[in-house]
Amino acid sequence: MLLYLIRHAEAEPLTTPGIARDFDRPLTPRGHAHSQKLAEAFTRLQISVDTVTASPLVRAHQSAVELLQVWQPGNRPVTCDELGLERLKPVKLSEFLANVQPRGLRTPSRDEKSVAAVGHMPDLGVYLEWLIGAAPGTIALAKAAAACLRFRGEPGKATGELLWLITPPWYT
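Residues numbered from 1 in each chain as written. Predicted model: local features only at pLDDT ≥ 70, side-chain atom pairs only at ≥ 80, totals over all residues. Heavy atoms only, no water.

Below, the discussion takes up the sheet that holds strand β6 (residues 160-166). The strands making up a sheet associate through hydrogen bonds between their backbones, and the pairing can be parallel or antiparallel. Spatially, six strands are ordered β3-β2-β4-β1-β5-β6 in an open sheet, and the strand pairing comes out mixed. The open sheet has two free edges, formed respectively by β3 (78-79) and β6, since each of these has just one partner strand. Two strands pair when backbone bridges link them, and strand β5 (residues 146-151) and β6 are joined in this way by six bridges, in the antiparallel orientation. Considered in β6, the bridge of Ala147 is made with Leu165. Relative to the sheet, helix α2 (residues 58-71) contacts β1 (2-7), β2 (51-54) and β4 (114-119), its axis offset from that of β2 by approximately 165 degrees. (Pairing = 2+ DSSP bridges. Helix = DSSP H or I, 4+ residues; strand = E, 2+ residues; numbered from the N terminus. Contact = heavy atoms within 4.5 Å. Axes fitted to C-alpha atoms, helices over the stretch in contact; angles between N-to-C directions.)

Our next topic: the packing of aromatic side chains. For the coordinates displayed, the defined rule picks out five aromatic pairs. An angle of 40 degrees between the planes, with centres 5.0 Å apart, marks the rings of Phe42 and Trp71 as tilted. In this pair, Phe42 is assigned in helix α1 (residues 29-44) and Trp71 in helix α2, connecting sequence segments 29 residues apart. In this structure Phe42 comes out as buried when scored by relative accessible area, which is 1%. Trp71 gets classed as buried once you look at its relative accessible area, which sits at 14%. Pairing Tyr127 with Trp130 gives two aromatic rings, centres 6.0 Å apart and planes at 15 degrees, and the pair type is stacked. Taken together, the residues span about one helical turn, with Tyr127 and Trp130 both in helix α4 (residues 123-132) at a distance of three residues. The same class applies to Tyr127 and to Trp130, which are both buried. Cluster of aromatic residues (ring-pair linked, three or more members): Tyr4, Phe42, Trp71 and Trp164. (Phe/Tyr/Trp six-rings, centres within 6.5 Å; stacked < 30°, edge-to-face > 60°. Buried < 20%, exposed > 50% of the residue type's maximum accessible area, 1.4 Å probe, protein only.)

Leu93, Ser94, Leu97 and Ala98 are the residues of helix α3 (residues 90-99) that are buried. Viewed end-on, α3 has its buried residues packed into an arc of 130 degrees, placing them on one side of the element. Those residues of α3 hidden inside the fold are in contact with β1, β2, β4 and α4. (Arc of directions from axis to C-beta.)

In this section: the pairing of β5. Of all six residues in β5, five are buried, a share of seventy percent or more. Pairing of β1 with β5 involves five bridges; the strand directions are antiparallel. Directly across from Leu3, in β5, lies its bridge partner Leu149.

For the peptide bond that leads from Met121 to Pro122, omega is 5 degrees, which places it in the cis range. You can see Pro122 is positioned in the loop between β4 and α4. Non-glycine residue Glu86 carries a positive phi angle of around 55 degrees. Positionally, Glu86 belongs in the loop between β3 and α3. Positive phi, close to 60 degrees, is recorded for Ala158, a residue that is not glycine.

Here is the structure:
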């Protein structure tokens, strides 16, 4: 299984008129552009993603929608509450991602599928550290960054191999 951990793109600040809750913060125009450029980079490199999951918060959901407009037009992200802010339970999230069904054009086996998970810092960094056995506090993902991990079985504690991590300067 391949897992792409993607931090949501840049969002409007909470002080923006009309935004009352952190949950409701939408992407900025730059955030929309970075999400689209990230999706285009995956396409250019022939990286296929079978399913996109996302936090229910607006900025993560919008980032996932932008990715899917390039990868799988017409498809919607799978909402995953465990990707929400301060909701991280690594074992539960790993089980969800391992069991999520492919929604793309191909039908890979359980071991061959690729899943993108769009979420937030610091939880994504903590989850990435847990998956690869890194020391706590050593990994931070920039906005609209993506990390690729490979698993020889189910994702679990220290079972992942970090293949690459990219940030917007690499693909914009």
